[in-house]
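Coordinate analysis (summary)
Below, each chain spelled out in residue letters.
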Amino acid sequence: MSKPIKWDKSDLLRLSKDDTLLWCTPSCKQIVSSLLPFNEGAHFQPLNEQIRNLVVIGGGTLLDQAKVWRLEQSTKINLIVIPSIWGSGAEVSPICVLNDGDTKKIIMGSEYLPDYYLILNELAGSIPQQRATLACGDAWSHALEGFLSPLSTPELQAELAQVIKDMLETGLGNNSHWFELSGRACLLQSKASVGLVHGIAHTLEPVLTNKFGSSWGHACLCSNFLLPVMAFNQQSSSKYDDYMEKYNLDKDAIKSVLMDLFNRASFEEAMPDLIECWQTIIRDPCSRTNSVLVRPKSISFFENGSFI
Amino acid sequence: MTNKEKLEDLMIDILLIEPEEYSLDLKREDVNSWDSLAVVSIAVGCHETFGYHFDPKEATSINSVQDIINILETKGIDFNE
């Protein structure tokens, strides 16, 4: 069976407390302590030699860091990951997005895949509503950009079209179904690529976070740039409309979701840095696999804001 | 705009080079930014500009501007106008 193997809670509870260590993000410690019996350890510290299993519960950043850190250890340990929020799909992805000073470093390889992953639906209870909605935007951006990617195959497109239909049915907000939807979207897009939304997010996240604080995280950027970028894709080529029709996707319903994710004030706050960083954005590997070609002059589409 | 001019415009934008660095003799080995992702962009850009979609074998065989012209000419796109 290929990695990562999906577990359920009973698989996890079969692990021995003696050789299992838990890393948990602070926001869900209380819920986790009532669900799991494992001892919690300090993150990224050397492990006692009896430890064979590392259970990591957190968002995409912690899961990606753990995927890399595990490979650097001298002894083989099983990595079991549990997302505390949906969106990144880090629990099933061979891609790791790491903070590297003021930039994002992306590494990819099957060796980074965790051994096991599972979903604890109870963790949805720890997610504030607004954060949950922005995380849906992250998952939506994986699904739509993967679906439209020039590297996507008809098989991937068909599977991503089904994910998009399921996302439409689920609706935005705090719903534990998003754990599963997000994992499917991420796994499929990792076999194609993402596009300009991610090129913008990777470039602007450090810039906007330095300027305005942590509210400008990856999910917030994806949520706010999904509507403008999809409008740009749609205006630049018939591909967007052709694919929507081919896979029987409801364009109006999708646009309505993207409008719900879009916040005009946030977009306008980010706009000066979008212009300032455009030359960097168009060089980002994700921008270069966008559905349509992103050119130096393409910034004018976003400047004039006609998609709003 | 002639097809030659359209291709020049496209390649300058994809490779992010100055107009004076472009020529019909330009080869992949001459430009650092002509990497595997540029190959994807060339395929996407040629589809948008000339309406022809390179198959994966054609796309990976492209190593020069002349290679692009040669393929497009076999599809009836004229570069001698």
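Residues numbered from 1 in each chain as written. Chains lettered and ligands numbered in written order. Predicted model: local features only at pLDDT ≥ 70, side-chain atom pairs only at ≥ 80, totals over all residues. Heavy atoms only, no water.

Now for the interface of chain B and chain A. Every contact between the two is made by 14 residues of chain B and, on the other side, 15 residues of chain A. Both sides together, the interface formed by chain B and chain A hides about 1,200 Å², and carbon and sulfur atoms give 58% of it. The tally of links between chain B and chain A comes to four salt bridges. The salt bridge partner of R288(A) is D35(B), with a shortest N-O separation of 2.5 Å. Where chain B meets chain A, there are six residue pairs in polar contact (both at pLDDT 80 or more). The set of elements that each furnish at least two residues to the side of chain B that touches chain A consists of α1 (3–15) and α2 (36–50) of chain B. The element contributing the most residues to the side of chain B that touches chain A is α2(B), with seven residues. Of the residues that constitute the side of chain B that touches chain A, the class distribution is seven nonpolar, three polar and four charged. (Contact = heavy atoms within 4.5 Å. Buried area = accessible area lost by both parts, 1.4 Å probe. Salt bridge = Lys/Arg side-chain N within 4 Å of Asp/Glu carboxyl O. Polar contact = N/O pair within 3.5 Å; in protein donor to acceptor, adjacent residues only side chain to side chain. Helix = DSSP H or I, 4+ residues; strand = E, 2+ residues; numbered from the N terminus. Nonpolar A, V, L, I, M, F, W, Y, C, P; charged D, E, K, R; others polar.)

This brings us to the sheet that holds strand β1 (residues 5–6) of chain A. Residues and elements named next belong to chain A. Sheet architecture is open: six strands sit in the order β1-β8-β5-β4-β2-β3, paired in parallel fashion. The open sheet terminates on both sides in strands that have one partner only, identified here as β1 and β3 (39–40). Packing of helix α3 (residues 60–71) onto the sheet brings it into contact with β2 (20–24), β4 (53–58) and β5 (78–83), and relative to β4 it is tilted by some 155 degrees. (Pairing = 2+ DSSP bridges. Axes fitted to C-alpha atoms, helices over the stretch in contact; angles between N-to-C directions.)

Our next topic: the side chain of S149(A). Within the secondary structure, S149(A) is located in the loop between α4 (129–148) and α5 (154–170). Setting aside residues up to four positions removed in sequence, S149(A) forms contacts with A192(A), S193(A), K239(A) and T289(A).

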